[in-house]
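Results of the structural survey
Here are the chains, one letter per residue:
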Amino acid sequence: MSSLSSSKITLVVYLLAIIFMAFGGTMLYLSRPEPTTITINPPLPTATNAPTATPGPILVYVTGAVILPESTHELPFGSRVQDAIAAAGGFANSANKTLVNVAGILRDGDQIHVPSVDEQSLGLSLPTPSGGDLLRINTASENELLSLPGVGPALAGRIAAYRDEIGSIDSFAELDKISGIGEATIAKWQDLIAFD
């Protein structure tokens, strides 16, 4: 009889343990916190400027009274005559510095000639320092643009505005996109414009 009652007690203990575990699990499930909703708001897009054309380096030729005459030098776009002379080693002792505009802006293909005192006294003619009389379309002011055939103040303003918008004008095809410029106008400008 005692073994029967101990079996009953064991069974009751097991049942009570199962009931407590079920009750505890239910209470744990019911007492858990509400799930948190996370909302990710991405930042608003910011306006970015369109990329502009970055001019490449230029190549210039330096002659005359410098330490390294008859030499070519690659310089950054926007360099000045003084930069070319420095690249050529600087002025030689015989240089006539008063005839050199060291502040002049260089363009690709320019020749910089530094005359010597002897050259000046002999009256020698010097090579053109900046490649002729071409209008540099990417650096010309609106007043300078007026020197082109068929360009009035309104067209000069449109050219300058278009150039400012795209960064630089690289070809006659790009000029053709500007209102008021067509094939006939471009034909007149073929030998008058440089795009550097």
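Residues numbered from 1 in each chain as written. Predicted model: local features only at pLDDT ≥ 70, side-chain atom pairs only at ≥ 80, totals over all residues. Heavy atoms only, no water.

Let us now look at the overall build of the protein. When you go through the protein residue by residue, the secondary structure sums to 7 helices and 5 strands. Listed by position from the N terminus, the elements making up the protein come as α-β-β-α-β-α-β-α-α-α-α-β. In the protein, which comprises 196 residues, the proportion classed as buried is 28%. Relative to all contacts within the protein whose residues are 6 or more apart in sequence, the contacts with residues 24 or more apart total 41%. (Helix = DSSP H or I, 4+ residues; strand = E, 2+ residues; numbered from the N terminus. Buried < 20%, exposed > 50% of the residue type's maximum accessible area, 1.4 Å probe, protein only. Contact = heavy atoms within 4.5 Å.)

Across the sheet, 3 strands lie side by side as S2-S1-S3; this open sheet has mixed pairing. Two strands lie at the open edges of the sheet, namely strand S2 (71-75) and strand S3 (111-114), each paired on one side alone. For this sheet, the mean inter-axis angle between neighbouring strands, taken without regard to orientation, is 30 degrees. Pairing analysis gives 5 bridges linking strand S1 (residues 58-64) to S2, with the strands arranged antiparallel. (Pairing = 2+ DSSP bridges. Axes fitted to C-alpha atoms, helices over the stretch in contact; angles between N-to-C directions.)

Our focus in this paragraph is the packing of aromatic side chains. Tallying each qualifying case throughout the model produces 1 aromatic pair. Centroid distance Phe 172 to Phe 195: 4.9 Å. Interplanar angle 90 degrees. Geometry classified as edge-to-face. With a gap of 23 residues between them, Phe 172 in helix H6 (residues 172-175) and Phe 195 in the segment after strand S5 (193-194) connect regions that are remote in the sequence. On the basis of relative accessibility, which here comes to 17%, the residue Phe 172 falls in the buried class. (Phe/Tyr/Trp six-rings, centres within 6.5 Å; stacked < 30°, edge-to-face > 60°.)

Right, let's talk about a nonpolar patch on the surface for a bit. On the surface, Leu 11, Val 12, Leu 15, Leu 16, Ile 19 and Phe 20 cluster together into a nonpolar patch covering about 600 Å² of accessible area. With respect to the secondary-structure elements, Leu 11 resides in helix H1 (residues 2-30). On the basis of relative accessible area, Leu 11 is assigned to the exposed category, the value being 52%. (Patch = residues over 30% accessible without salt bridge, like charges linked within 9 Å, V, L, I, M, F, W, Y side chains within 5 Å. Areas by Shrake-Rupley, 256 points an atom, 1.4 Å probe, with all protein chains shown as cover. Salt bridge = Lys/Arg side-chain N within 4 Å of Asp/Glu carboxyl O.)

A few words on the side chain of Asp 110. Looking at where Asp 110 falls in the secondary structure, it is placed in the loop between helix H2 (81-87) and S3. It turns out Asp 110 is buried and unbridged, and the closest side chain with the opposite charge, Arg 136, is 4.4 Å from it. In this structure the side chain of Asp 110 is engaged in a polar contact, spanning 2.8 Å, whose partner is the backbone nitrogen of Arg 107. (Lys, Arg positive; Asp, Glu negative; His and termini not counted. Polar contact = N/O pair within 3.5 Å; in protein donor to acceptor, adjacent residues only side chain to side chain.)

So, on to the environment of Leu 192. Within the secondary structure, Leu 192 is located in the loop between helix H7 (183-189) and S5. Expressed as a C-alpha distance, the spacing of Leu 192 and Leu 148, which sit 44 residues apart in the sequence, is 7.7 Å. Leu 192 has contacts with Leu 134, Leu 135, Leu 148 and Pro 149, leaving out every residue within four places of it along the chain.

Let us now look at the environment of Leu 135. Its location among the elements puts Leu 135 in strand S4 (residues 135-136). Its relative accessible area of 11% is what places Leu 135 among the buried residues. In the structure, Leu 135 is positioned 60 residues away from Phe 195 in sequence and 8.6 Å away in space, judged by C-alpha atoms. The residues contacting Leu 135, other than those within four sequence positions of it, are Ala 140, Glu 144, Leu 145, Ser 147, Leu 148, Leu 192, Ile 193 and Ala 194.

Counting residues in hydrophobic clusters, the biggest one holds 18 residues, and the most contacted among them are Ile 159, Leu 175 and Trp 189. Secondary structure elements with two or more residues in this core: helix H5 (153-166), H6 and H7. Residue contributions to this core peak at 4 residues, all from H5. Not counting the four nearest positions on each side in its chain, Leu 175 is found in contact with Ile 137, Ile 169, Ile 181, Trp 189, Ile 193 and Phe 195. Listed in part, the 16 residues of the second largest apolar core include Val 81, Ile 85, Ala 88 and Ala 92. (Core = buried A, V, L, I, M, F, W, Y, C linked by side-chain atoms within 4.5 Å.)

What follows deals with the environment of Pro 149. Among the secondary structure elements, Pro 149 is positioned in the loop between helix H4 (142-145) and H5. Accessibility expressed as a relative area gives 31% for Pro 149, which makes it partly exposed. In this structure, the C-alpha to C-alpha distance between Pro 149 and Ile 186, residues 37 residues apart in sequence, is 9.8 Å.

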